[in-house]
Amino acid sequence: MFTRIRTLSYMCLACLGLIGQPAHAAVEKVRAMFRDDPASSIVIGWNQVSGDSPVVRYGTTDFGTNAAAYSTAASPDRVVDFRGMNNHFVRLSTLESDTPYYFVIEDSEGVSARYWIRTGPADRTDFTYVTGGDTKSGGSAFLAGQESNRMIAKLRPLFAMFTGDFNSDDGTNESFWDDWLNNWSSQTTTEDGRLTPLVAVHGNHENGDYTTINKLFDTPDVSSPYSYYSLDFADGLLHLISLNSELQNGDAPADAFSDQLTWLTNDLAASQSAAFRVAGYHKPLRPHTSSKSEQLFLQESWAPLFDLYSLTMAAESDSHMHKYTFPLSYCEEGTAECFQNFRRDDNAGVFYIGEGSWGAGPRASDDNKPWTIQSQSMNQVKWHRVIADDPETAEEVDPKIEVRTVVTVTLGGEARVEGVESLTEANKYSKIPDGIDLLVLPFFGDHIELPFQTPVGDVPSAPSDLMASPSSFSEIELEWMNTAGADTVSNIEVQMRIGEDGDWSTIGFLPADAASFEAEQLVNDGAHYFRVRALNLFGASDFTPEAVALIPVDTRERVDLIQGYPAGDAGQIYNGAVDVGLLEAAPDLVVDGLSAENPFALMFADNNSGSGDREVALVRFNQLFDFLPEGAVIDQATLTLVSADSTQDIISVHRMLEDWPNPATWSDFGGDGIQLNDVDAGLNADDSRASGIEFLQTIVFDVTESVLAWQESPAANFGWVLVNSGSDGWDTPQSEIPSPLTVPELGVFDVQPRPMLSVFYTLATTTVEGDIDGDGGVDRDDIRMAALGLRQPAEGPDDPRDLDRDGQITVLDLRLIQQLCTNPACAP
């Protein structure tokens, strides 16, 4: 038995390659980055698992894993213990341009696999690169990110720029980074061992530590360690800028954003000789999904600079979708053709692309603009071919960039990477691989060229058969027919006016194939008029004939609960409202009602205020069921708030799942505030309102689900927490504010500003057995009505005449009704 065990052990060691096989270096997560001149330098990084004295042995001849044959060795220039890894970085320099370099990593335990990299060109010559961002750490999104990684290996670009949000969480999870770096190293490396250099960009999911990108990817020291920098490729053919869109947040280092802005101004001024200048960053200035906040601060800070120094293109992420805009220039809102501070400018504008979805679950492309070329939901990356001289023109030197969208996983979850041809070193910058799924755009085909080339064509034909019908007491459903094919349309525009003399306003820019729209938050009685038109890059069609719909009069029973106002049939004054603001910056401060600290009785919602601290609000309506009549069947419940200022962020209400004192402070929630984690408060919002909220606008949230839950368990009524998606702070009055609302220096506004909970209900009707005529009692009339059907079949199982439920109206049924009658006249 002892001999047998020894034999099996020997066999197992042989299977593992530990006997008769060369030892392997204890390295993993091998990766390459550019941090200086890509034509003459590159960084090799890895995690040193064990062993010591690691060196990179390299040269221009491929000697496989024969470490001693390589002519040059380089020791690590930087070692960083970070995220559970011993990150080593070797900065190779004085390399030859556009040249393959083969290398192994040798340490005290052996030699790694053989890898190779290619330096960038020193002259203006063709090359390709990839941009994209947003991957996740679990589920289908985790798998989708790996599909996009594999596509990179098939395309063999010179480099890939990853524009932020590498993992789920806040960037501090060691296991998430372990997966991401292993996947990147193994999946973006070509079959012959070529590493794809990574240009890393900081995203909001790296905000747990603003030094993360620098420590894992050895980014240049210009911004040490906050990861904004630039690189030059192909003798000024491309100037690439990596920006950090998160440094304006209060949790970032002080002055970090202003320092970056100064650096950006200088960098743009110094790079004007480049043929193309491309910026990559995470947060889109104007996202194309309604669930993401408008980035007004970034737009105001960056867009004028981009225009001033003629940035070519901006690669954005964060929204998990695809988009192309026309070239855009910054403009003042209200000026001609200006929408959300951008106007189309084909000659001198910036081409904005994005918005993420390397692997993260695609969001709805439901927020197109007049200047949107296309948006769509899928997992995708952008593939850029930089051409030093366009052979199709007669210009002496005419460089261009071709931008393509490569679909890696469809919205339905179908992977599109398997079967795609792998490019070779010979054709990597010139061939479109067989089997690849490229997104095709109307009029443009499978790519857009920069400098921007405006196609020639006609405006689309107008939609037809517009119909409008109310779908609730605050919503109207629109439907129409599109007469132009989706391949000739960029967007569908929906406009509305209230009343015959109202002004038209745009309420939706929809994808080209949209044929319906729901107008929400309609609080005005009377006629609502609608019209629809189709747009493409050549202009707009005529509008459809107008359609009109009336919001129906709400005849439901309702109770409005407003602090200090009568409620219910008895007219009793309601005094059960409790609301308070919570400030991270002042964790023990009570922000409740009129006080020196809160002179206007406002609650706050701000994800990252100027001080870097969160602000949330709590709202609760105690004893709400005391004001509903017995037998009330709740149909709907709404929470109405008045906006005390405007915001471009998304305001959401989440059901509180734990009790809180009155008054409450930030400190009452463990020091880290209220978390949306299904413990403190619901992870998913009861309802939310998208950006564009104006001063004194009435905002209505549907909170039916919470109120129904509390009806089942009244003790669980802990109210709601009010949260803001971004840093464009928002205020709403508390229950103690004077009504009507008086605003200093602006005057008196005829608006009831206090929070209001409205409960809509019907009264349940109780059926009295034997009450055939439905008058609420059993009498001789009921006996007569039953007698008229004597010896006839019952009209269904609920026929009130068939008391014994035998399917027939019989004498026995009449006797049972007579027994139920309490009126003496029923006596036989």
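Residues numbered from 1 in each chain as written. Predicted model: local features only at pLDDT ≥ 70, side-chain atom pairs only at ≥ 80, totals over all residues. Heavy atoms only, no water.

### So, the overall build of the protein chain
- Counting its regular elements, the protein chain contains nine helices and 46 strands.
- The buried share of the protein chain, reckoned over its 828 residues, is 54%.
- Excluding contacts between residues fewer than 6 apart, the proportion of contacts in the protein chain whose partners are at least 24 apart in sequence is 71%.
- Accessible surface, the protein chain as shown: approximately 34,700 Å² in total, 49% of it carbon and sulfur.
- Between the averaged position of the 50 positive side-chain charges in the protein chain and that of its 127 negative side-chain charges there is a distance of 7 Å. (Helix = DSSP H or I, 4+ residues; strand = E, 2+ residues; numbered from the N terminus. Buried < 20%, exposed > 50% of the residue type's maximum accessible area, 1.4 Å probe, protein only. Contact = heavy atoms within 4.5 Å. Areas by Shrake-Rupley, 256 points an atom, 1.4 Å probe, with all protein chains shown as cover. Lys, Arg positive; Asp, Glu negative; His and termini not counted. Charge placed at Lys NZ, Arg CZ, Asp CG, Glu CD.)

### Comments concerning the pattern of salt bridges
- One pass over the structure, following the stated rule, counts 44 salt bridges.
- One salt bridge connects Arg344 with Asp346, and the closest N-O pair in it is separated by 2.9 Å.
- Linking Arg416 and Asp437 is a salt bridge whose minimum nitrogen-to-oxygen distance equals 3.1 Å. You can see Arg416 sitting in the loop between strand 22 (400–409) and strand 23 (448–450) and its partner Asp437 sitting in the loop between strand 22 and strand 23, a full 21 residues away along the chain.
- With a relative accessible area of 28%, Arg416 lands in the partly exposed category.
- If you follow the salt bridges from partner to partner, you end up with Asp98, Arg118, Arg156, Asp192, Arg194, Glu425 and Lys428 in one network. (Salt bridge = Lys/Arg side-chain N within 4 Å of Asp/Glu carboxyl O.)

### Some points on the sheet that holds strand 25 (residues 476–481)
- With antiparallel pairing, the three strands of this open sheet are ordered in space as 24-25-28. The sheet is open, and its two edges are formed by strand 24 (464–470) and strand 28 (516–519), each paired on a single side. Strand-to-strand twist across the sheet, computed as the mean angle between neighbouring axes with direction ignored, equals 15°.
- Bridge analysis of strand 25 against strand 28 gives four bridges, and the strand direction is antiparallel. Note that in strand 28 the partner of Glu479 across the bridge is Ser516. (Pairing = 2+ DSSP bridges. Axes fitted to C-alpha atoms, helices over the stretch in contact; angles between N-to-C directions.)

### Things to note about helix 8 (residues 780–787)
- Buried residues of helix 8: Asp782, Ile783 and Ala786, and no others. The buried side chains of helix 8 occupy one side of the element, clustering within an arc of 100° when seen end-on.
- In the core, the buried residues of helix 8 are packed alongside helix 9 (811–820). (Arc of directions from axis to C-beta.)

### Quick notes on the state of the cysteines
- This structure, assessed with the given rule, holds one disulfide.
- Each sulfur of the disulfide joining Cys331 and Cys338 lies 1.9 Å from the other. Its S-S torsion of approximately 90° makes the covalent link between Cys331 and Cys338 right-handed.
- Look at Cys338 and you get buried, because its relative accessible area is 12%. (Disulfide = S-S within 2.5 Å.)

Purely geometric stuff here, so don't read any function into it on its own.
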